Amino acid sequence: MTAKMILSLDGTVLQECPLDRERITIGRKDDNDIVINNLAVSSRHAAIITIMNDSFIEDLDSTNGMLVNGEQAKKRFLQNGDLIEIGKYRLKYINERVSKTTAEDFEKTMVMRGSLQGLRKADEADSSEDTQVRLTGAVPEEPVRQPEPVRGAIQILNGPNAGRELELVKSLTTLGKPGVQVAVLTRRPQGYFITHVEGGSYPSVNGQSIGTHPCALNDHDLIELVGIKMEFFLKV
């Protein structure tokens, strides 16, 4: 069963939206997937990112913010039954599929050091000269039953960690700097894909911005994220 969001106001259900795409937007504009026509809601208020059985919601720098289970939140990994409040409206997350990923798994990070190019202002809180590029591996949805003939990896091309490799052994790997630019690499039967998750600018592949849609990766593609250049390649 596909996960979904149920929009309600004062106990009356207004809309049910299946989370059948990787990115679902919420806002006042008519071109959002979930439209809330209220002045307290920003034109692009929030986005829900769904990767396989897991979803998380991100506030898109809205004016009035959002609450998740009564707490102010900028980005939150979602679990079945979670309640999001945007103004007087409520969104209930329904996902009856069992997932092995937890919020702790999603936030587990390995810190790498890399140069921050053109984003120094956004990283004033970082006391060091380098920004942190976080690589987050979430637990796979289920064990891989048959070994893959090839496996993806990325190699850092610039900065202090030039030459370092990360093998993409998880179904989902998050790359970037929270609050600045974040993307998700996913492994699917068709291959590897990169999807923009957070930040005002998009990652690029071979010099081209990937925009809001998932981008398939090919052997030796060049990825740039938070000023860090990486090469994606396939290992036999």
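Residues numbered from 1 in each chain as written. Predicted model: local features only at pLDDT ≥ 70, side-chain atom pairs only at ≥ 80, totals over all residues. Heavy atoms only, no water.

**A few points about the nonpolar core**
Cut-off, in case you're wondering: The definition of a nonpolar core used throughout is a set of buried Ala, Val, Leu, Ile, Met, Phe, Trp, Tyr and Cys residues joined through side-chain atoms within 4.5 Å. Three labels apply to residues, based on accessible area from a 1.4 Å probe with only protein chains included: buried if under 20% of the type maximum, exposed if over 50%, partly exposed otherwise in between. Where helices and strands are cited, they refer to DSSP runs of H or I of at least four residues and of E of at least two residues respectively, numbered from the N terminus. Every residue pair with non-hydrogen atoms within 4.5 Å of one another is taken to be in contact.
Of all hydrophobic cores here, the largest spans 22 residues; its most connected members are Met-5, Ile-26, Ile-34, Ile-48, Ile-57, Ile-84 and Leu-91. Elements with a minimum of two residues in this core: β1 (4-9), β3 (23-27), β5 (46-51), β10 (83-86) and β11 (89-94). With three residues, the single largest contributor to this core is β11. When neighbours within four sequence positions are excluded, Met-5 is seen to be in contact with Gln-15, Glu-16, Cys-17, Leu-19, Ile-34, Ile-48, Leu-78, Ile-84, Leu-91, Lys-92 and Tyr-93. In terms of nonpolar packing, the next biggest core, distinct from the first, is built from 19 residues, Leu-166, Leu-185, Leu-217 and Val-226 among them.

**Here we look at the packing of aromatic side chains**
Describing an aromatic ring pair means giving the distance of the ring centres and the angle of the ring planes. Which entries qualify depends on this criterion: Stacked, tilted and edge-to-face pairs are distinguished by plane angle, under 30 degrees for stacked and over 60 for edge-to-face with tilted covering the rest, among Phe, Tyr and Trp rings (Trp via its six-membered ring) whose centres lie within 6.5 Å.
Evaluation of the coordinates by the stated rule reveals one aromatic pair. Taking the centre distance of 5.4 Å and the plane angle of 55° together, the rings of Tyr-192 and Phe-232 count as tilted. You can see Tyr-192 sitting in strand β18 (residues 191-198) and its partner Phe-232 sitting in strand β23 (residues 228-235), a full 40 residues away along the chain. One exposure class covers both Tyr-192 and Phe-232, and it is buried.

**Describing the sheet that holds strand β8 (residues 71-72)**
Put simply, the rule reads: Two strands pair if DSSP finds at least two bridges between them.
Read across the open sheet, the six strands follow the order β2-β1-β11-β10-β7-β8; overall the sheet is antiparallel. At either margin of the open sheet sits one strand with a lone partner, and together these are β2 (12-18) and β8. The sheet contact formed by β10 and β11 spans four bridges and is antiparallel. Within β11, the position partnered with Ile-86 by the bridge is Tyr-89.

**Examining the environment of Arg-188**
When you line up the elements, Arg-188 lands in strand β17 (residues 181-188). For Arg-188, a relative accessible area of 25% translates into the label partly exposed. Ignoring any residue separated from it by four or fewer positions in sequence, one finds Arg-188 in contact with Glu-22, Phe-193 and Pro-214.

**Observations regarding the pairing of β23**
Two faces belong to every sheet, and in a regular strand the side chains alternate between them. Examined bridge by bridge, strand β14 (residues 151-156) and β23 share six bridges and lie antiparallel to one another. Directly across from Ile-156, in β23, lies its bridge partner Met-230. The pairing of strand β22 (residues 222-225) with β23 spans four bridges and is antiparallel. By the bridge assignment, Leu-222 is partnered in β23 with Glu-231.

**Quick notes on unusual backbone geometry**
For Asp-10, which is not a glycine, the phi torsion comes out positive at approximately 55°. Along the chain, Asp-10 falls in the loop between β1 and β2. The exposed category is assigned to Asp-10, whose relative accessible area is 72%. For Asn-69, which is not glycine, the phi torsion reads 55° and is therefore positive. Here Asn-69 is to be found in the loop between β7 (67-68) and β8. Residue classification places Asn-69 among the partly exposed residues on the basis of a relative accessible area of 43%.

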